[in-house]
Amino acid sequence: MASPGHSDLGEVAPEIKASERRTAVAIADLEWREMEGDDDGPNEAQDSDFPTVERSRLQEMLSLLGLEMYQAQKLSLQDSLQISSDSMKNWAPQAPKDLPWNFLRKLQALNAEARNTTMVLDVPPDTRPAEKESQVEEEIIYWDTADDISADIYSFSELPTPDTPVNPLDLLCALLLSSDSFLQQEIVLKMSLCQFALPLVLPDPENHYHTFLLWAMRGTVRTWGSQPPRAVSSFREDSVVLSRAPAFAFVRMEVSSNSKSQLLNAVLSPGHRQRDCFWHRDLNLGTNPREIADGLVEISWFLPSGREDLDIFPEPVAFLNLRGDIGSHWLQFKLLTEISSAVFILTDNISKKEYKLLYSMKGSATKYYFILSPYRGKRNTNLRFLNRLIPVLKMDPSHVLVKVSSTDSAGFVRRIRAIVAHVTRAPCRRVSVEDMAHAARKLGLKVDEDCDECQRAKDRMEQITRKIKDSDAYRRAELRLQGDPWRKAAQVERELCQAQWAGDPPERCRAELRHRLLELRMQQNGHDPAWGLQEFISGISSPSLGEKQYFLRWMEWGLARAAQPRPRASPETMLTLRAKHRGAVDFSEPLWPEPLGVEHFLREMGQFYEAESCLVEAGKLPAGQRRFAHFPGLALELLLKGLPLELIDGNTLSTPLRWVTGLLKELHVRLERRSRLVVLSVLGVPGTGKSTLLNTMFGLRFATGRGRGPRGAFMQLLTVAESFSQDLGCDHILVIHSGGLIGGVLTEAGERFEQEASLATLIMGLSNVTVVSLAETRDIPPAILHAFLRLEKTGHMPNYQFVYQSLQDASAPGSKPRERKQLLDEPRDASRATVQMEHQGGGIRTLAGLAFCDPEKQHVWHIPGLWHGVPPMAAVSLGYSEAIFELKRCLLENIRNGLSNQNKNIQQLIELVRRL
């Protein structure tokens with residue numbers, strides 16, 4: 001038997017050959033005739049009509065949801081992220097065609113109610129009862145939040161109901177069938193963050209060509225703990241596609257009065273508060289008939305926190321749920337039997353058809369358990385069936401569970417958990433999603449990752465990452481223009497810039513600096529791109545847009561799994577520093593080296609472009625001999641497809657000016673007439689939730705995780721829908737994320753502080769709107785306060801919002817939200833020093849006393865904690881989602897109302913970058 005760390009699909013679950021299966025079915029049929037007789041023959045007419053009926057159902061559902069147009073040209077991630085007038089509305093869908101967009105919008109915002117497909121029709125005023133007219137708008141907004149209000153007050157009985165209510169699972173399947181691979185991946189990622197069960201096998205009712213969603217799940221990463229607690233090293237982070245765990249499948253045979261999904265939710269929910277991972281019949285619209293979702297297989301995991309008092313199981317466990325009857329979805333059921341350690345079959349009645357199918361599973365190593373409600377079924381038939389099936393499936397009487405209405409539900413859940421725990425303690429198969437996909441291929445299911453474009457991109461990624469044994473050594477050998485060469489060049493450029501602004505420095509001093517810079521750039525230009533960089537450039541130069549996008553995603557994951565640097569300080573040191581400094585610790589170079597990422601390959605391209613451009617400007621290289629002039633265009637393609645690009649290098653704390661200018665020029669050419677920009681920036685020390693805030697607010701892809709993401713400032717581009725651009729006053733929003741540039745209390749003085757303050761000034765100086773993210777301390781970080789004071793002198797002050805984010809979970813008791821007045825009170829020691837430094841002789845001024853700060857205006861926001869409970873099984877707080885939406889609406893309103901700095905076009909932004 002294979003070891004627990006390896007997949008043992010081939011040994012434990014041998015595939016039954018077709019001839020063996022036919023023999024098994026024939027024997028089962030003969031035994032059934034002995035028991036019951038065989039009166040019914042196959043209904044050929046019904047079988048032949050089946051595909052036609054299903055085809056009609058799918059097309060009708062797509063038409064109903066307005067998704068027919070996305071069958072040839074799939075809905076893309078960029079389509080779903082456009083800023084439109086709907087981005088500012090918290091409205092309930094009024095027609096089925098609103099449902100897909102409402103689902104995507106709420107899912108992006110991590111709203112726990114995203115699956116709710118309730119619709120409120122837009123009723124003409126003259127059809128409403130007069131006394132209810134003023135109430136309708138409030139009812140639409142609070143449809144799902146008025147549970148504690150009397151039904152007599154909030155009653156919709158007099159409003160028309162939608163003619164065709166949509167089951168949420170039908171909506172999910174229709175949307176996935178209409179989306180491209182990258183939007184599918186984003187949908188699955190956001191569903192995972194919302195703790196929803198994830199689609200694993202997507203049914204295709206039209207062609208009966210079901211798809212295993214391996215690629216769609218590839219980007220989902222989860223963190224879990226192991227006992228004993230308190231040791232940081234006991235936590236593990238891994239892709240759900242790669243980590244192996246025992247799997248348990250729950251299926252229905254014909255009719256069951258017990259709900260699989262409710263039972264699964266109870267098993268997965270610690271404590272008394274049940275979480276609704278799996279949509280079930282008792283939820284709103286849960287009883288609506290499914291039209292296209294039968295055959296869907298969903299998956300969810302229990303992940304331990306490392307706390308014995310909270311964890312149901314000590315290790316990760318996967319739970320699978322087949323929607324529909326196993327008799328109608330034999331292929332999916334066969335897959336579940338091959339990948340699961342145990343299968344739980346819920347049924348009231350045992351029929352001839354299911355008996356035959358289960359008899360054909362003879363010889364399977366999978367354990368089978370029945371959950372029966374015999375008082376609703378044919379008791380005697382069930383018993384005869386089970387007596388014959390028990391030896392075939394190697395069961396014993398303990399594998400037959402009975403649950404009726406009088407059964408203690410909590411005790412029954414404990415019994416299911418005990419069975420799962422018993423199976424996992426014994427030797428059992430442990431499978432990853434990749435292993436499941438391998439079994440699906442053998443059974444003839446389509447795997448989404450098997451397309452040619454995806455596989456070519458994967459092969460290229462593997463050729464690059466195979467050579468990475470140590471990330472630091474790889475950077476020195478393959479990315480040679482970074483490190484010391486770029487650091488020295490950046491320092492000379494900084495000195496040259498300071499000399500130019502110092503008044504009237506000697507020309508000889510400036511000439512020496514220019515000469516030193518030219519020598520450094522000539523050294524850089526003397527190198528050729530290394531093999532790894534050349535392969536990377538070939539990957540992003542692919543004429544196939546799909547292959548290019550696949551390659552970038554593969555590179556992100558491949559580099560994340562390649563040899564990464566170890567922390568320079570122990571976990572205990574990190575925890576001590578965080579506790580000592582109330583969480584405001586700068587996790588930059590002293591503690592954790594920067595992991596190797598896609599940004600390093602792009603940074604290398606930027607340095608080749610910088611060096612070549614510098615030589616052309618100095619007349620040392622003819623423009624016609626340039627080799628890297630096309631690099632900004634290649635990088636821009638990535639920006640337009642949603643990849644964050646580096647604006648400020650976090651290692652050298654400097655901006656590659658020629659590279660950034662080249663990118664913006666390419667952007668100006670590409671956007672042509674739609675080049676009006678608003679720049680929105682987010683600043684704050686690491687660990688204050690900046691990335692999560694932006695990703696939730698706009699669906700962006702900034703790296704999350706304290707101390708582990710890139711250090712530099714990055715930018716992403718959001719497109720404003722043409723129908724809304726005139727109203728909003730811009731065509732695009734450029735979002736700048738300060739990343740790990742701004743330090744906390746460890747970097748209050750010295751050269752690094754001056755550099756941080758200058759970079760904060762640069763970012764805010766470019767911005768129309770700035771969000772300052774604060775946590776665990778009332779003070780504004782000194783570098784950011786320094787930037788505010790500098791910009792106050794120039795009169796270039798962005799519209800700003802201070803966001804205080806709670807780092808506790810929403811259910812935990814904690815301090816009250818910081819009020820606006822407290823934030824504007826006199827700063828503490830670090831910020832006092834900063835203010836005194838900027839106002840020599842002018843005394844210490846409070847933030848409230850600064851000219852730009854109006855305490856009467858709403859500038860301070862309190863965002864509740866992201867999690868409600870203890871991760872990794874905690875649900876996302878609905879309060880967090882709602883607060884983020886209100887902040888987003890405020891920012892867009894300020895842009896529309898002209899409260900931000902005057903909007904720029906790209907040419908003006910280029911000039912502003914040069915000046916700043």
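Residues numbered from 1 in each chain as written. Predicted model: local features only at pLDDT ≥ 70, side-chain atom pairs only at ≥ 80, totals over all residues. Heavy atoms only, no water.

Enquirer: Lay out the overall build of the protein chain with the relevant residues and their values.
Expert: Each helix and strand counted, the protein chain has 33 helices and 21 strands in total. When burial is assessed residue by residue, the protein chain has 56% of its 916 residues classed as buried. Summed over its atoms, the accessible surface of the protein chain is roughly 39,400 Å², and 50% of this surface lies on carbon and sulfur atoms. (Helix = DSSP H or I, 4+ residues; strand = E, 2+ residues; numbered from the N terminus. Buried < 20%, exposed > 50% of the residue type's maximum accessible area, 1.4 Å probe, protein only. Areas by Shrake-Rupley, 256 points an atom, 1.4 Å probe, with all protein chains shown as cover.)

Enquirer: So, the packing of aromatic side chains: which residues are in play, and what are the values?
Expert: As enumerated under the stated definition, the model contains 26 aromatic pairs in all. Ring plane angle 15 degrees and centroid distance 5.0 Å describe the contact between Phe344 and Tyr369, whose orientation is recorded as stacked. Highlighted residues: Phe344 in strand β8 (residues 342–347) and Tyr369 in strand β9 (residues 367–372), separated in sequence by 25 residues. Tyr369 matches Phe344 in its accessibility class, with the two residues each being buried. Taken together, Phe248, Phe250, Phe302, Phe313, Phe319, Phe344 and Tyr369 form an aromatic cluster joined through their ring pairs. The side chain of Arg115 reaches across the aromatic face of Phe196, ending 3.9 Å from its centre. The ring of Trp531 is capped by Lys467, whose NZ or CZ atom sits 5.1 Å from the centre of that ring. (Phe/Tyr/Trp six-rings, centres within 6.5 Å; stacked < 30°, edge-to-face > 60°. Lys NZ or Arg CZ within 6 Å of the ring centre and 35° of its normal.)

Enquirer: Before we move on, could you go through the packing of helix α11 (residues 330–339) against helix α15 (residues 433–442) and cite the residues and values that matter?
Expert: Across the interface, α11 lies against α15 with an axial gap of 10 Å and an inter-helix angle of 135 degrees. When the interaxial angle is binned, α11 and α15 end up oblique. In the crossing of α11 with α15, the sense of the turn from one axis to the other is right-handed. Side by side, α11 and α15 meet where Leu335, Glu338 and Ile339 of the first sit next to Met436, Ala439 and Ala440 of the second. A per-class count over the contact of α11 with α15 returns five nonpolar, no polar and one charged. (Axes fitted to C-alpha atoms, helices over the stretch in contact; angles between N-to-C directions. Parallel < 35°, antiparallel > 145°, perpendicular 65-115°, else oblique. Left-handed = near helix turned anticlockwise from the far one by under 90°. Contact = heavy atoms within 4.5 Å. Nonpolar A, V, L, I, M, F, W, Y, C, P; charged D, E, K, R; others polar.)

Enquirer: A description of the pairing of strand β1 (residues 198–202) should follow, citing residues and the corresponding values.
Expert: Most of β1 sits out of view: five of its five residues are buried. Sheet topology places β1 next to strand β6 (residues 297–302); three bridges connect them, and they run antiparallel. Its bridge partner being in β6, Pro199 is matched across the sheet by Glu298. Pairing analysis gives two bridges linking β1 to strand β2 (residues 211–212), with the strands arranged antiparallel. (Pairing = 2+ DSSP bridges.)

Enquirer: Quick rundown of the environment of Ser681? Include the residues and the values.
Expert: The residue Ser681 is located in strand β13 (residues 676–683) in this model. For Ser681, a relative accessible area of 0% translates into the label buried. Considered as a pair, Ser681 and Ile736 are 55 residues apart in the sequence and their alpha carbons are 4.5 Å apart. When near neighbours in sequence (up to four residues on either side) are disregarded, Ser681 contacts Ile736, Ile763, Ser767, Val769, Thr770 and Val771. In terms of polar contacts, Ser681 uses its side chain to reach the side chain of Thr770, at 3.0 Å. (Polar contact = N/O pair within 3.5 Å; in protein donor to acceptor, adjacent residues only side chain to side chain.)

Enquirer: Report on the nonpolar core, specifying residues and quantitative values.
Expert: Grouped together as the largest cluster of nonpolar side chains are 154 residues, with contacts concentrated most on Phe212, Phe319 and Ile733. Not counting chain neighbours up to four residues away, the residues in contact with Ile733 comprise Ile83, Val678, Leu680, Gln716, Leu717, Leu718, Val720, Leu728, Leu892 and Ile895. (Core = buried A, V, L, I, M, F, W, Y, C linked by side-chain atoms within 4.5 Å.)

Enquirer: Give a detailed account of the side chain of Gln716, specifying residues and quantitative values.
Expert: Note on placement: Gln716 falls in strand β14 (residues 713–719). Looking at Gln716, the relative accessible area reads 3%, which means it is buried. Within polar-contact distance, the side chain of Gln716 engages the backbone oxygen of Gly642 at 2.8 Å.

Enquirer: Quick one: what's the story with α15, residue by residue and with numbers?
Expert: A turn of α-helix holds 3.6 residues, and therefore any two residues three or four places apart point the same way. Looking only at α15, the buried set comprises Val433, Asp435, Met436, Ala437, Ala439 and Ala440. Gly444 occupies a position one or two residues after α15 and carries a positive phi of about 95 degrees.

Enquirer: Can you lay out the pairing of strand β5 (residues 247–252) for me, pointing to particular residues and giving the numbers?
Expert: For β5, the buried fraction is high: five of the six residues fall into the buried class. Note that β5 and strand β7 (residues 317–325) share five bridges and pair parallel. Of the residues in β7, the one forming a bridge with Ala247 is Ala318. With five bridges connecting them, β5 and β8 associate as parallel partners.

Enquirer: Summarise the side chain of Thr337; cite the residues concerned and give the values.
Expert: Structurally, Thr337 can be placed in helix α11. The contacts of Thr337, once residues within four sequence positions are left out, are Val343, Met361, Ser364, Thr366, Tyr368 and Arg429.

Enquirer: Any details on the confidence of the model for the protein chain? Residues and values, ideally.
Expert: On average, residues of the protein chain score 79 in pLDDT, and 75% of them reach the 70 mark or higher. Scored below 50 in pLDDT, residues 123–162 shows 36 contacts in the model against residues more than four places distant or in partner chains. Confidence over residues 568–592 falls short of pLDDT 50; this stretch has 49 contacts with residues more than four positions distant or in other chains. (pLDDT = per-residue confidence, 0-100.)

Enquirer: So what about helix α29 (residues 782–794)? Which residues, and what values?
Expert: Helix length check: α29, at 13 residues, gives a terminal C-alpha distance of 19 Å against a target of 18 Å (1.5 Å per residue), a fit within 8%. Counting buried positions along α29 gives 10 out of 13 residues, so the element sits mostly inside the fold. Along α29, the residues classified as buried are Pro782, Ala783, Ile784, Leu785, His786, Ala787, Phe788, Leu789, Leu791 and Glu792. Downstream of α29 by one or two residues, Gly795 has phi in the positive range, about 80 degrees. (Expected span 1.5 Å × (residues − 1).)

Enquirer: So, the environment of Glu186: which residues are in play, and what are the values?
Expert: Of note, Glu186 is situated in helix α8 (residues 181–193). Taking the relative accessible area as the measure of exposure, Glu186 reaches 12% and is therefore buried. For the pair Glu186 and Gly219, spaced 33 residues apart in the sequence, the C-alpha separation amounts to 8.2 Å. Setting aside its immediate chain neighbours within four residues, Glu186 contacts Leu77 and Gly699.

Enquirer: Can you explain the environment of Trp330? Please cite residues and give values.
Expert: When you line up the elements, Trp330 lands in helix α11. With 27 residues separating them along the chain, Trp330 and Leu357 place their C-alpha atoms 8.1 Å apart.

Enquirer: How would you summarise unusual backbone geometry if you had to cite specific residues and measurements?
Expert: Here the amide bond leading from Pro871 into Pro872 is cis, since omega sits at 10 degrees, within 30 degrees of zero. In this structure, Pro872 sits in the loop between β19 (867–868) and β20 (875–876). Despite not being glycine, Glu254 shows a phi value in the positive range, around 55 degrees. Locating Glu254 in the fold gives a position in the loop between β5 and α10 (260–268). Residue Glu254 is classed as partly exposed on the basis of its relative accessible area, which comes to 29%. For Lys394, which is not glycine, the phi torsion reads 55 degrees and is therefore positive. Of note, Lys394 is situated in the loop between α13 (379–392) and β10 (400–402).

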